[in-house]
Amino acid sequence: MAKTAIFIGAGASKPFGFPLTNELLPKIREHIDNNQLFNGFDNSRQDRENLKNMLNQLIPGWNSVEPEHLPLITDILSIVDYSLLVSTSPLRSKEGHNLSEFRTLLEKAVFEILECPYDNNIGPIPPSLVKMSDWVHDLATTDGNSTGIISTNYDISIETELFKRYGKSDVPRQFDFGFAWRDPGKDQIHPRPTPADMCLYKLHGSMNWLRCDLCEHVYINLGGSIAHQGFEPTVTDFNTCDCNHSRLRPVLVAPSMVRDIRDINLLETWKHALELLRTADEWIIIGYSMPSEDIAIRSLFIRARQGRKTEPQIRVVQKGNDPAMRARYRVYFPECEFHADGLEGFLTGDLNVIWGATQKS
């Protein structure tokens, strides 16, 4: 029996049309300048102007520098989060509650940029997404194999395709999301299936999740994104929990250096992700550069490796041969195997070799 843990970072979703971290802030500026940001929401114009004014204060060169010279969204969120943590403000004449508003508007903008960039009614699903979903499904359903996905991404591209292959009605008894979850279509809590055909552990939240602050349950919508409901200014049936609390909130651990994960559902997800890595025969890490500031993920890998009796087979899939990224991996995993053609190259070439080795394990 072969057990595979597939760890995916932002680089894994790039071929599907989703932006990398360094592309988020330029896209937010573009959508602000084109008056596209927050369209469809009440108070869209006012929210857009507020966010623009706050970004202009925090980044005086907001309008003048080239897009590639803008700071990372990580830097902006980290400054805001640090200021909220130590009760200071980086914005002149802005009170604390407005800084919280700034934080909410940044989250809302990130979610909007990360909405599914393709539509079945407009164009075809990217071939690489179809191929990856087929591979994961085949890997999970082969007799004797066990497969799980650990993701740092918010987008729902891969799970949407996997749900189609399994059938949405069967997902509650086949998928382990790491915690019991509420069904938005009915007053029902789905427990974690044991055993599960597929583990899907999203460490930083998801576009199709909403959380209740009262009962602490998370809704998971198998049909698409629902995060926008958490930003609606008015209370509706769509952002009210079965326990009668409202409003439901998006679940997003934003890309900030000041991260404090306390949600019990995410903490449980991290624990199960650790166990998956600890017990898997092989790790396939796709599109994750292991940045030095990402201490929590690095700790997850280290603890999973320390808790094993034997070493896992580790394969790292990246686009290009970045020496710094390779060095970071080599420090912790000296024997890891690199595949430098990116996800698309991996799916068309190296995948056949890996798939054959997995079947023989």
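All figures in this text were calculated on a predicted structure; none of them were measured in a lab. (Residues numbered from 1 in each chain as written. Predicted model: local features only at pLDDT ≥ 70, side-chain atom pairs only at ≥ 80, totals over all residues. Heavy atoms only, no water.)

Novice: I'd like a description of empty space enclosed by the protein, backed by residues and values.
Specialist: All told, the structure shown has 1 cavity of 30 Å³ or more when counted by the stated rule. Size it by volume and the largest cavity reaches roughly 50 Å³. Lining the largest cavity we find Ile 8, Ser 13, Ser 151, Asn 153, Asp 155, Ser 157, Ile 158, Glu 159, Leu 200 and Lys 202. Residue assignment for the lining of the largest cavity shows that the elements contributing at least two residues are helix H7 (157-166) and strand E6 (198-202). Residues of the lining of the largest cavity, tallied by class, amount to 3 nonpolar, 4 polar and 3 charged. (1 Å grid on protein atoms, 1.4 Å probe; cavity = no way out; pocket = protein on both sides within 12 Å on 5 of 7 lines; lining within 4 Å. Points joined across faces, edges and corners; volume = space filled by probe spheres on them. Helix = DSSP H or I, 4+ residues; strand = E, 2+ residues; numbered from the N terminus. Nonpolar A, V, L, I, M, F, W, Y, C, P; charged D, E, K, R; others polar.)

Novice: Quick rundown of the packing of aromatic side chains? Include the residues and the values.
Specialist: Tallied over the entire structure, the rule returns 17 aromatic pairs. Taking 5.3 Å as the distance between ring centres and 65° as the angle between the ring planes, the aromatic pair formed by Phe 7 and Tyr 288 counts as edge-to-face. Remark: Tyr 288 occurs in the loop between strand E10 (282-286) and helix H10 (295-306) and Phe 7 occurs in strand E1 (residues 2-8); sequence separation between them is 281 residues. We classify Tyr 288 as buried; its relative accessible area is 6%. Residues Phe 301 and Phe 333 carry aromatic rings whose centres are separated by 5.9 Å and whose planes lie at 90° to one another, so their mutual orientation is edge-to-face. Highlighted residues: Phe 301 in helix H10 and Phe 333 in the loop between helix H11 (323-332) and strand E12 (337-339), separated in sequence by 32 residues. Exposure remark for Phe 333: the relative accessible area of 3% places this residue in the buried category. (Phe/Tyr/Trp six-rings, centres within 6.5 Å; stacked < 30°, edge-to-face > 60°. Buried < 20%, exposed > 50% of the residue type's maximum accessible area, 1.4 Å probe, protein only.)

Novice: Got a sec to walk through the sheet that holds E1? Specific residues and values, please.
Specialist: Pairing within the open sheet is parallel, and its 7 strands lie in the order E3-E6-E2-E1-E10-E11-E12. With partners counted over all chains shown, the strands left at the sheet margins are strand E3 (175-176) and E12, one partner each. The sheet contact formed by E3 and E6 spans 2 bridges and is parallel. Bridging across to E6, Asp 176 finds its partner in Cys 199. (Pairing = 2+ DSSP bridges.)

Novice: Which residues make up the side chain of His 190, and what values do they have?
Specialist: Counting through the fold element by element, His 190 comes out in strand E5 (residues 189-190). In terms of polar contacts, His 190 uses its side chain to reach the side chain of Asp 183, at 3.1 Å. Residue contacts for His 190: discarding those within four places in its chain leaves Pro 172, Ala 180, Trp 181 and Asp 183. (Polar contact = N/O pair within 3.5 Å; in protein donor to acceptor, adjacent residues only side chain to side chain. Contact = heavy atoms within 4.5 Å.)

Novice: I'd like a description of the packing of helix H2 (residues 21-33) against helix H4 (residues 73-86), backed by residues and values.
Specialist: Between H2 and H4, the least distance of the axes is 7 Å, while the angle of their chain directions is 80°. Between H2 and H4, the interaxial angle falls into the category roughly perpendicular. Of H4, the residues touching H2 (which contributes Thr 21, Leu 24, Leu 25 and Ile 28) are Ile 73, Thr 74 and Ile 76. Of the residues contributing to the contact of H2 with H4, the split by class is 5 nonpolar, 2 polar and no charged. (Axes fitted to C-alpha atoms, helices over the stretch in contact; angles between N-to-C directions. Parallel < 35°, antiparallel > 145°, perpendicular 65-115°, else oblique.)

Novice: Which residues make up unusual backbone geometry, and what values go with them?
Specialist: The omega torsion of the bond from Thr 194 to Pro 195 falls at -5°, within 30 degrees of zero and hence cis. Here Pro 195 shows up in the loop between E5 and E6. Between Ser 246 and the following residue, Arg 247, the backbone shows a cis peptide bond with an omega angle of 0°. Take Arg 247: it is sitting in the loop between strand E8 (218-220) and strand E9 (249-252). Even without glycine at this site, Glu 216 takes up a positive phi of about 70°. Looking at where Glu 216 falls in the secondary structure, it is placed in the loop between strand E7 (205-211) and E8.

Novice: I'd like a description of the nonpolar core, backed by residues and values.
Specialist: Of all hydrophobic cores here, the largest spans 37 residues; its most connected members are Met 132, Trp 135, Ile 149, Phe 175, Phe 177 and Ile 286. The set of elements that each furnish at least two residues to this core consists of E1, helix H6 (127-141), H7, E6, E8, E10 and helix H12 (342-360). Top element by residues in this core is H6. It accounts for 6 residues. Not counting residues within four places of it along the chain, the set of residues in contact with Phe 175 comprises Leu 162, Phe 163, Tyr 166, Pro 193, Ala 196, Met 198 and Leu 200. Of all hydrophobic cores here, the second largest spans 35 residues; its members include Leu 55, Leu 58, Leu 77 and Leu 106. (Core = buried A, V, L, I, M, F, W, Y, C linked by side-chain atoms within 4.5 Å.)

Novice: Go over H10 with me, naming the residues and quoting the values.
Specialist: A rise of 1.5 Å per residue sets the reference length of H10, with its 12 residues, at 16 Å; its end C-alpha atoms lie 16 Å apart and thus fit the reference within 8%. Looking only at H10, the buried set comprises Ile 297, Arg 298, Leu 300, Phe 301 and Ala 304. What you see down the axis of H10 is that its buried residues fit within an arc of 155°, all on one side. Summarising the geometry of H10, the exposed residues directed more than 90 degrees from the buried face are Ile 295 and Gln 306. Tucked into the core, H10 has its buried residues touching E1, helix H9 (264-279), E10 and H11. (Expected span 1.5 Å × (residues − 1). Arc of directions from axis to C-beta.)

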